[in-house]
Amino acid sequence: MFLKRPTNILLTVTCAIALLHFGREVLQPITLALVLSLALAPLIRAIVGLGISRTVATFIALGLSISALAGAGVVLVAQLYGLTADLPQYRAEIRAKLKEVQVLTEQPLARLPAELLEGVPGATASGTSLRSRRGTTQPVPVVIREPTSTQDSLTRAIGVVSGPLGTVGLVLVLLVFVLLDQENLRDRLVRLAGQREVSRTLKGLEDAAHGVSRFFFSQFIVNIVFGAVIGVVLWLLGIPHAVLCAALCAVLRFVPYIGALIAGGAIALFAAAVDPGWTLALVALALFVALEVVLAYVIEPRVYGHSSGMSALAVIVSALFWSAVWGPVGLLLSTPLTLCLVVAGRYIKGLEPVTILLAEIPDASAAQRFFHRALSGDAAAIIADARVFLRKSTLARYCDQVVLPGLALAIGDLRGGRTDKVQEERLRSTIALVADTLAAGKHTGRARRLTVSMLNESIGAHLRRRREEQLGRWQGSLDVPARSIVLSVGFSNIREEFRSELLVLALREAGIDARSIMLDDEDEEARPDAEHLVSTVFVVYPIETPFEAWNEAIDALRENLPDVPLVTIRPREDVTADAALVAGRVDMVLQSFEEALAFVAPVKEAKAAKAAAR
């Protein structure tokens, strides 16, 4: 039973790969037509937006595309014709440079003075043997060729030309029918998926079409601009036929990774053929590499964004796979084909592993990633993610969307017995390190090293003690305006104490004077008489504390702070306390730290305005 499912999956994948390989003669033209239809979709939509019917817009888009390709072909043919006229001198220069490279590789010590080679064993012998080999007459192989008739030559030429031209014509015909019958094809796919999956099928088709169209359009613009820049640079360097080199770079960049390497090598070879020395070739290659690095690591991430939807490793793997199955055509179509599979995996259960393995961002929430990294002890990655998150948002939202849901996942694993002692200790230490770094106000930098594995207190107590060490016994001065302190209170258990301290961190990060106390603290006599300084009291929701003890604490707070509102924040995870009973004992029940921040922020702003008026 356990082996049946993997065997079926392996058999299905093997049959699919075999079908793709042996059916490539039929599948390649159809796939090319479908991908080109997606590439032309933005242009067709733009023309339709001008008030032209879709049929006329389709033929206009096809006419513009074919005209642009034909014009580019004419220019390239003219460049190639000019290149053939200069080819003899280029060939001679390339042969001379190849001979220099051969001498350097076969006899690297030949350039040293003879007196320095006397002590090098084998150096003279190797040079003599090389010269002796070059001096001897080598036998010339004799090739017997049978005479061919004019009919055979013409048949062979027609066969060579008709293959590519026939494929291009077939793809063009299929492209026309796909563009004209696009609505009908979509309806057929929806009917094929079933009436119950109409919304998911339409959403998948829209995402795939939009993703591939956006990717092709962005890639087309970037590659054309890159080719133009390369052409201008080569023209400024004095390299002839710069237009041909620019077109070569623009076209080859459509091939993932390999195309850029081929284009750079071709430019270096062409520059070496033009210049008698090596300076021009090295300068041209250096400029090409510099432009490619700027484009790949600075411009493309900003232009593409997440248009490809695939990780860098997925692009390489897909290029290897599709080139092995379909050859050069597969290499050219590797990214759009894999992108379609990645999008389909979000809506088709059978293709979900493809999305998980190849998508740019794994299908996991920020809270799940927080839990996974905390369980593995990767505090640096959590701090890095927090740094990115906090650049655009508040610590309160980070706690609501990442920390608290991640802790709920961790608690579920702990209660379910799915975590061993080592993982539990690592989880506790990592969360303590992350919380301590956030409390220290260093979420904009690296997490500092802290020994937390041997803590004898809970994480919440540790955070409160660290704050007392920095700000004083009462977590700050008591010489503050009346009703300016927000108090967070709870009981001394792990979950509630940590939630209380997280709330204090979130409020203090927003500039609010928030402090915390534990209701079951034995040192009650040492507490200051500062009730007039408190504006709001946040009582931690009873998660692990018995409701009776929590209720008695509420009565004590009402007695000591009769004019201060009591507010609690209900956790998103399940709790044992009755929500109606809890709501009846406090003045307000909030749902998140963000609501708590919004609740006390107007009080802070009113106090500031009042102080400014004075």
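These numbers come from a predicted model, not from an experiment.

Student: Lay out the packing of helix α16 (residues 395-415) against helix α17 (residues 421-439) with the relevant residues and their values.
Tutor: At a closest axis distance of 12 Å, the pairing of α16 and α17 adopts a crossing angle of 170°. By the angle between their axes, α16 is roughly antiparallel relative to α17. In this structure, α16 contributes L395, Y398, L407, A410 and L414 to the contact, and α17 contributes E424, L427, I431 and L438. Taken together, the residues of the contact of α16 with α17 sort by class into 8 nonpolar, no polar and 1 charged.

Student: Any chance you could break down helix α2 (residues 24-48) for me, citing the residues and the numbers?
Tutor: Taking 1.5 Å per residue as the helical rise, α2 with its 25 residues ought to reach 36 Å, and the 34 Å between its terminal C-alpha atoms agrees with that figure. Of all the positions in α2, only Q28, P29, T31, L32, A33, V35, S37, L38, L40, A41, I44 and I47 are classed as buried.

Student: Describe the side chain of R467, listing the residues and the values that go with them.
Tutor: Examined against the element boundaries, R467 turns out to sit in helix α18 (residues 459-471). Discounting residues that sit within four places of it in the chain, R467 has contacts with G472, Q475, E501, V504, R508 and S516.

Student: Help me get a handle on the pairing of strand β2 (residues 514-518), residues and values and all.
Tutor: Most of β2 sits out of view: 4 of its 5 residues are buried. In terms of strand pairing, strand β1 (residues 485-490) meets β2 through 5 bridges, oriented parallel. By the bridge assignment for β2, S488 is matched with S516. Traced from β1 through helix α19 (residues 494-509) to β2, the parallel crossover comes out right-handed.

Student: Please set out unusual backbone geometry residue by residue, giving values where relevant.
Tutor: In this structure, Q475 takes a positive phi of about 60° despite not being glycine. Relative to the assigned elements, Q475 resides in the loop between α18 and β1. Take Q475: its relative accessible area is 5%, and that puts it in the buried class. Within the chain, R483 stands out as a residue other than glycine whose phi angle is a positive 55°. Secondary-structure assignment places R483 in the loop between α18 and β1.

Reading guide: rules and limits
Residues numbered from 1 in each chain as written. Predicted model: local features only at pLDDT ≥ 70, side-chain atom pairs only at ≥ 80, totals over all residues. Heavy atoms only, no water. Axes fitted to C-alpha atoms, helices over the stretch in contact; angles between N-to-C directions. Helix = DSSP H or I, 4+ residues; strand = E, 2+ residues; numbered from the N terminus. Parallel < 35°, antiparallel > 145°, perpendicular 65-115°, else oblique. Contact = heavy atoms within 4.5 Å. Nonpolar A, V, L, I, M, F, W, Y, C, P; charged D, E, K, R; others polar. Expected span 1.5 Å × (residues − 1). Buried < 20%, exposed > 50% of the residue type's maximum accessible area, 1.4 Å probe, protein only. Pairing = 2+ DSSP bridges. Right-handed = clockwise from strand over helix to strand, strands pointing away.

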